[in-house]
Amino acid sequence: MISAGRSFFLPGRRLPAGFRRVQTVVERAVLPIALLVAWQGSVEFGLVPHTLIATPGEVASDLFRLILSGALAEHVAVSLRRLLAGFCLGGAAGIAVGSWIGVSRLAQRLMGPTVSILAPVPPTAWIPLLIILFGIREASKIWLIAIGVFFVVTANTVSGIRHVDRRLVEVARIYDKSKLEILSGILLPAAMPSILTGLRLGLGLGWILLVAAELIAANRGIGWFIYDARNFSRPNDMLAGMVCIGVLGAATDFLMLSFQRHVLRWQDAFAGH
Amino acid sequence: MFRRLGIFGCAATLLLTGGLSLPAIAAEVTTVGIGTFSIAIDYSPYLVAKQKGWFDQALAPFHAKPSFTQFETLPAINEALATDRLDVVFEAEPPVIIAKAAGIDVHVTDLGCTLPVDILVPTGSKIRAINDLKGKTVAVLAGTSSQYGVLADASAAGVDGKDIEMVDMAPPEGKAAFESGKVDAWAVWPPWVEQEIVAGRGSTLEGGQATIQSIMAIRGGFEDRNPKMAKAIIGVEEHAKAWVAAHPDEAIAIVAQEAGLDPKVVRLAWPKHHFSVSLTPDVISDIQRKADFLFKRGLVRTRVDVDKDLIRQ
């Protein structure tokens, strides 16, 4: 076990604060650097064909070109709009439906089986139906993301509510609190860790689905950009798009995690050794 | 005790010997990867040869056997070629141009069939001719002969390509969009075209001149190492083309069965397929126009000289 402030590489030795910061940076950079070296090496030594995989240097150069030309910003802006709309729609519907199923046995009987059957269906399998219902413009792309987010958030909301200590609800009933008051004052706050975890997972899934959504008659968006680059064997562009999605995904996850920590600041949770 | 150990020892030795010799036995039979993209009636010679076991017969003298794969996406074909997992492919010409532009070692070795580019419009549509497509939405898979054909035919009819909204859709999504009226037209190939016509949902526009060249391509490394095997495979394709042209009724039945299609659909599409074709200068020029189209639109970064770099007869 390594306690906080102790070196991972030199366990048992307490380091000065400045060294600890450097050490943190080094620890975080070790795996990405190792991956970059493995990537470069596998292309250089022909383990993967250069016709399909560009080197990190080529990808960095391409990324730089795409940033300077403004092409990347245009694709990213389009994708972020789709992701945000789909996430908000699916997240809000997931919390609402999940809360209803969580508090009402009738709702569980009415909706539970349908949700259980539909949840495992891969969201991409909905594409032909979404085209028929919502056409080939923005709506079908947003709905595809929303469907994926919806099921994850619903499942986590139901689970969160159903794991609330029954005694808290009984105390509220003794104080003559209404069902709405119990939901808003006790169940939802107590289920918040699970709901926020659902939203965080939903956001991650949203990025995955964005790529699938942008296969529907798109001509802009970072997912479409990757698809188009793969279609026309442009590995520089394809990997630059993948790096871009990775960075953006990590950034949105960081924002979500910060929001989660802020909302759950009352929690005295285990933060790792 | 010793006898029992001896028996176990013999069994273990036999097992080990057998296990070690397995890869050696397996290595004696070479597997030739043969692939196609999606479903298309222009692969009829290939489908007939596959069904009749002609590839197996041709490869048997080389201690080789074919392994057939139907790819559903175009990039997967080029990825399989680049990683030596696919040796022969039947497809239209743009994917192989894209592969060559990306530096993948592949050559066009034969022409299977030539057919016109079709543009479908819904039954009762006001679009009657290609110049009516101005301002309309057309579903088409980007980078295909169909996309090239729409732009080439539109240009010939005096319509600027910029005035047509092209939406990039693979055939299954294009079908959903077309049948639900979300697009005004759909540029696609048989049997998708004839399925809509037979169902009474669509008809094709007349007057287009653009064509699709359905080619057979062989991975360069495979051909260099196995020139006789490559020649035998080309021989199968040539034989199958002649047979298909001479026995249309039987070929239609085989293609319908192999591709899982309604024979009515195959029969309707049959007359537009020309199997008595070869890689003539005219065909090579047509493929070159498509290579230039892909390069000028920035879809590929290298211009392919078709005659010099791509064709190997």
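Residues numbered from 1 in each chain as written. Chains lettered and ligands numbered in written order. Predicted model: local features only at pLDDT ≥ 70, side-chain atom pairs only at ≥ 80, totals over all residues. Heavy atoms only, no water.

## Points about the overall build of chain A
Condition: Each helix corresponds to a stretch of at least 4 residues labelled H or I by DSSP, and each strand to a stretch of at least 2 residues labelled E; elements are numbered beginning at the N terminus. Residue exposure (1.4 Å probe, protein chains only): buried if accessible area is under 20% of the type maximum, exposed if over 50%, otherwise partly exposed. Contacts are assigned to residue pairs that have any heavy atoms within 4.5 Å of one another. All accessible-area figures derive from a Shrake-Rupley calculation using a 1.4 Å probe, and residue coverage is judged against the displayed protein chains alone. Note on charges: Lys and Arg go in the positive column, Asp and Glu in the negative column, and His and the chain ends are not counted at all. Every charge is mapped onto a representative atom, which is NZ of Lys, CZ of Arg, CG of Asp or CD of Glu.
Counting its secondary structure elements, chain A contains 10 helices and zero strands. Scanning chain A from its N terminus toward the C terminus, one meets helices and strands in the order α-α-α-α-α-α-α-α-α-α. In terms of its C-alpha atoms, chain A occupies a principal-axis envelope of roughly 70 × 65 × 30 Å. Within chain A, the proportion of its 273 residues that are buried is 42%. For chain A, the proportion of contacts with a sequence separation of at least 24, taken over those separated by at least 6, is 67%. Surface exposure of chain A reaches about 15400 Å², of which carbon and sulfur atoms provide 69%. Looking at charge distribution, chain A has the averaged site of its 25 positive side-chain charges lying 7 Å from that of its 15 negative ones.

## Examining the sheet that holds strand β1 (residues 30-37) of chain B
Residues and elements named next belong to chain B. Here is the rule: In this analysis, strands are considered paired if DSSP registers two or more bridges between them. Axis definition: a line fit to C-alpha positions, over the contact stretch in the case of helices; interaxial angles, taken between N-to-C directions, run 0 to 180 degrees.
Taken in spatial order, the five strands of this open sheet run β2-β1-β3-β10-β4, and their pairing is mixed. Bordering the open sheet on either side are β2 (64-71) and β4 (106-116), each of which pairs with just one other strand. Pairwise comparison of adjacent strand axes, ignoring direction, gives a mean angle of 20° for this sheet. Taken together, the three bridges between β1 and strand β3 (residues 88-92) define a ladder with parallel strand orientation. Residue pairing across strands places I34 opposite V88, the latter belonging to β3.

## Considering the confidence of the model for chain A
In plain terms, the rule: The predictor's confidence in any single residue is recorded as pLDDT, a number from 0 to 100.
On average, residues of chain A score 89 in pLDDT, and 95% of them reach the 70 mark or higher. A low-confidence stretch, residues 1-5 of chain A stays under pLDDT 50, and its non-local contacts, those more than four residues away or across chains, total 10 contacts.

## Comments concerning the nonpolar core
Residues and elements named next belong to chain B. Test applied: Working definition of a nonpolar core: buried Ala, Val, Leu, Ile, Met, Phe, Trp, Tyr and Cys residues. They are joined through side-chain atoms within 4.5 Å. The domain boundaries here were taken from an automatic or database domain assignment.
Counting 168 residues, the largest nonpolar core has V32, L133 and W270 as its most contacted members. A domain-level breakdown of this core finds at least three residues from each of domain 1 (32-114 + 214-310) and domain 2 (118-209). When neighbours within four sequence positions are excluded, W270 is seen to be in contact with I41, S44, V244, P248, A251, I252, V255 and F275.

## Remarks on the interface of chain B and chain A
Test applied: Buried area is a sum: the accessible area each of two parts loses on coming together, probed at 1.4 Å, counted once for each and added. Criterion for a salt bridge: a side-chain nitrogen of Lys or Arg within 4 Å of a carboxyl oxygen of Asp or Glu.
Facing the 31 residues of chain B at the interface are 23 residues of chain A. Surface buried jointly by chain B and chain A totals about 2200 Å² across both partners, of which 59% is contributed by carbon and sulfur atoms. The largest share of the area that chain B buries against chain A comes from D168, K182 and R301 of chain B, three residues that together contribute 24% of it. Summed over the shared surface of chain B and chain A, the result is three salt bridges.

## Quick notes on the environment of P94 of chain B
Residues and elements named next belong to chain B. By the secondary structure assignment, P94 is in helix α5 (residues 93-101). With 81 residues separating them along the chain, P94 and K175 place their C-alpha atoms 21 Å apart. Apart from the residues within four sequence positions on either side, P94 is in contact with G143, T144, S145 and L294.

## Some remarks on the packing of helix α5 (residues 127-134) of chain A against helix α6 (residues 138-162) of chain A
Residues and elements named next belong to chain A. As a reminder of what qualifies: Our angle categories are set so that under 35 degrees counts as roughly parallel, over 145 as roughly antiparallel, 65 to 115 as roughly perpendicular, and the remainder as oblique. Two helices that cross are described as forming a left-handed crossing if the nearer one is turned anticlockwise from the farther one by less than a right angle, and a right-handed crossing if clockwise. Amino acids are sorted into nonpolar (Ala, Val, Leu, Ile, Met, Phe, Trp, Tyr, Cys and Pro), charged (Asp, Glu, Lys and Arg) and polar (every other residue, Gly among them).
The geometry of α5 relative to α6 is characterised by a closest axis approach of 9 Å and an angle of 135° between their N-to-C directions. When the interaxial angle is binned, α5 and α6 end up oblique. Crossing angle aside, the handedness with which α5 passes α6 is right-handed. Between α5 and α6, the residues in contact are I127, L130 and F134 and A139, S140, W143, L144 and I147, respectively. Classifying every residue of the contact of α5 with α6 gives seven nonpolar, one polar and no charged.

## What to know about the pattern of salt bridges
A full pass over the atoms with the stated rule returns 33 salt bridges over all chains. The partner of D249 of chain B in a salt bridge is R267 of chain B, and the shortest N-O contact between them spans 3.3 Å. Of this pair, D249 of chain B sits in helix α11 (residues 248-259) while R267 of chain B is found in helix α12 (residues 263-269), placing the two residues 18 residues apart along the sequence. Given the relative accessible area of 46%, R267 of chain B is considered partly exposed. Three or more residues joined by partner-sharing salt bridges are found here, namely D62, R65, D228, R234 and D237 of chain A together with R301 of chain B.

## Some points on the packing of aromatic side chains
Residues and elements named next belong to chain B. Just so we agree on the cut-off: Two rings belonging to Phe, Tyr or Trp (six-membered ring only in the last case) form a pair when the distance between their centres is within 6.5 Å. Interplanar angles under 30 degrees mark stacking, angles over 60 mark edge-to-face geometry, and anything in between is tilted.
With the rule as written, the count across this model stands at 13 aromatic pairs over all chains. Centre to centre, the rings of W54 and W243 are 6.0 Å apart; their planes meet at 75°, and the pair counts as edge-to-face. Here the residue W54 occupies a position in helix α3 (residues 54-59), and W243 occupies one in helix α10 (residues 227-246), the gap between them amounting to 189 residues. Taken individually, W54 and W243 each receive the classification buried, so the pair is uniform in this respect. An aromatic cluster of at least three residues, connected via ring pairs, comprises Y46, F55, F68 and F90.

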